[in-house]
Amino acid sequence: MNLERVSNEEKLGLCRKYYLGGFAFLPFLWLVNVVWFFRDAFVKPAYTEQLQIKTYVKRSGLGLAVWVAVLTTWITIYQHYRSQWGEVADYLSFTIPLGIP
């Protein structure tokens, strides 16, 4: 999608949809929101919708950072304690690793 051909009102609507979509456990939408709209929010000259787009981009970045921190923490804890959790950890896993823990 070429954002240069889209009006500022449509950009705001699209930015808002990606921001709200991130709350449906889709943090990839927040990443897309930050990447696509960063230039419109912080680099381009001021226009009326820019303040709202800037807010959505900042909140998307913050949500993405929190999501990455939580996911990294969970992966680290699971990998470290998986063998100690025994059968419970096996139920949480899609594939059961073979070998010595």
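Residues numbered from 1 in each chain as written. Predicted model: local features only at pLDDT ≥ 70, side-chain atom pairs only at ≥ 80, totals over all residues. Heavy atoms only, no water.

### Things to note about the packing of aromatic side chains
Here is step 1: This structure, assessed with the given rule, holds 10 aromatic pairs.
Here is step 2: Both rings, one in tyrosine 81 and one in tryptophan 85, keep their centres 6.3 Å apart while their planes meet at 20°; by these two values the pair is stacked. Of this pair, tyrosine 81 and tryptophan 85 both sit in helix H3 (residues 50-85), 4 residues apart, which is roughly one turn of the helix.
Here is step 3: Residue classification places tryptophan 85 among the partly exposed positions, given a relative accessible area of 32%. (Phe/Tyr/Trp six-rings, centres within 6.5 Å; stacked < 30°, edge-to-face > 60°. Helix = DSSP H or I, 4+ residues; strand = E, 2+ residues; numbered from the N terminus. Buried < 20%, exposed > 50% of the residue type's maximum accessible area, 1.4 Å probe, protein only.)

### Notes on the environment of threonine 48
Here is step 1: Among the structural elements, threonine 48 can be located in the loop between helix H2 (27-42) and H3.
Here is step 2: Within the local environment of threonine 48, its side chain forms a polar contact with the side chain of glutamate 49, the two groups lying 2.9 Å apart. (Polar contact = N/O pair within 3.5 Å; in protein donor to acceptor, adjacent residues only side chain to side chain.)

### Points about a nonpolar patch on the surface
Here is step 1: Where nonpolar side chains cluster on the molecular surface, the patch consists of Phe25, Trp67, Leu71, Trp74, Ile75, Ile77, Tyr81, Trp85, Val88 and Leu92 and spans about 970 Å² of accessible area.
Here is step 2: When residues in the nonpolar patch are grouped by element, the largest group, 7 residues, is from H3.
Here is step 3: The class for tyrosine 81 is partly exposed, based on a relative accessible area of 34%. (Patch = residues over 30% accessible without salt bridge, like charges linked within 9 Å, V, L, I, M, F, W, Y side chains within 5 Å. Areas by Shrake-Rupley, 256 points an atom, 1.4 Å probe, with all protein chains shown as cover. Salt bridge = Lys/Arg side-chain N within 4 Å of Asp/Glu carboxyl O.)

### Section: the nonpolar core
Here is step 1: Counting residues in hydrophobic clusters, the biggest one holds 16 residues, and the most contacted among them are Leu14, Cys15, Tyr18, Phe37, Ile53, Tyr56 and Val57.
Here is step 2: Every element with two or more residues in this core is listed here: helix H1 (8-21), H2 and H3.
Here is step 3: Beyond its immediate chain neighbours, meaning those up to four positions away, phenylalanine 37 contacts Leu3, Lys11, Leu14, Cys15, Tyr18, Ile53 and Val57. (Core = buried A, V, L, I, M, F, W, Y, C linked by side-chain atoms within 4.5 Å. Contact = heavy atoms within 4.5 Å.)

### Section: H3
Here is step 1: Between the first and last C-alpha of H3 there are 50 Å, a value that for 36 residues agrees with the 52 Å anticipated at 1.5 Å per step.
Here is step 2: Approximately 40° is the largest bend angle found in H3, and it occurs at glutamine 79.
Here is step 3: What H3 keeps buried is the set Gln50, Ile53, Tyr56, Val57, Ser60, Gly63, Leu64, Tyr78 and Arg82.
Here is step 4: Here the buried face of H3 lies against H1, H2 and helix H4 (87-92). (Expected span 1.5 Å × (residues − 1). Bend = angle between axes of the 7 residues up to and from the residue.)

### Things to note about the side chain of glutamate 49
Here is step 1: Structurally, glutamate 49 can be placed in the loop between H2 and H3.
Here is step 2: For the buried glutamate 49, no salt bridge exists, and the shortest N-O distance to an oppositely charged side chain is 8.7 Å, to lysine 11.
Here is step 3: Among all residues touching glutamate 49, those that are not within four sequence positions of it are Asn8, Glu9 and Leu12. (Lys, Arg positive; Asp, Glu negative; His and termini not counted.)

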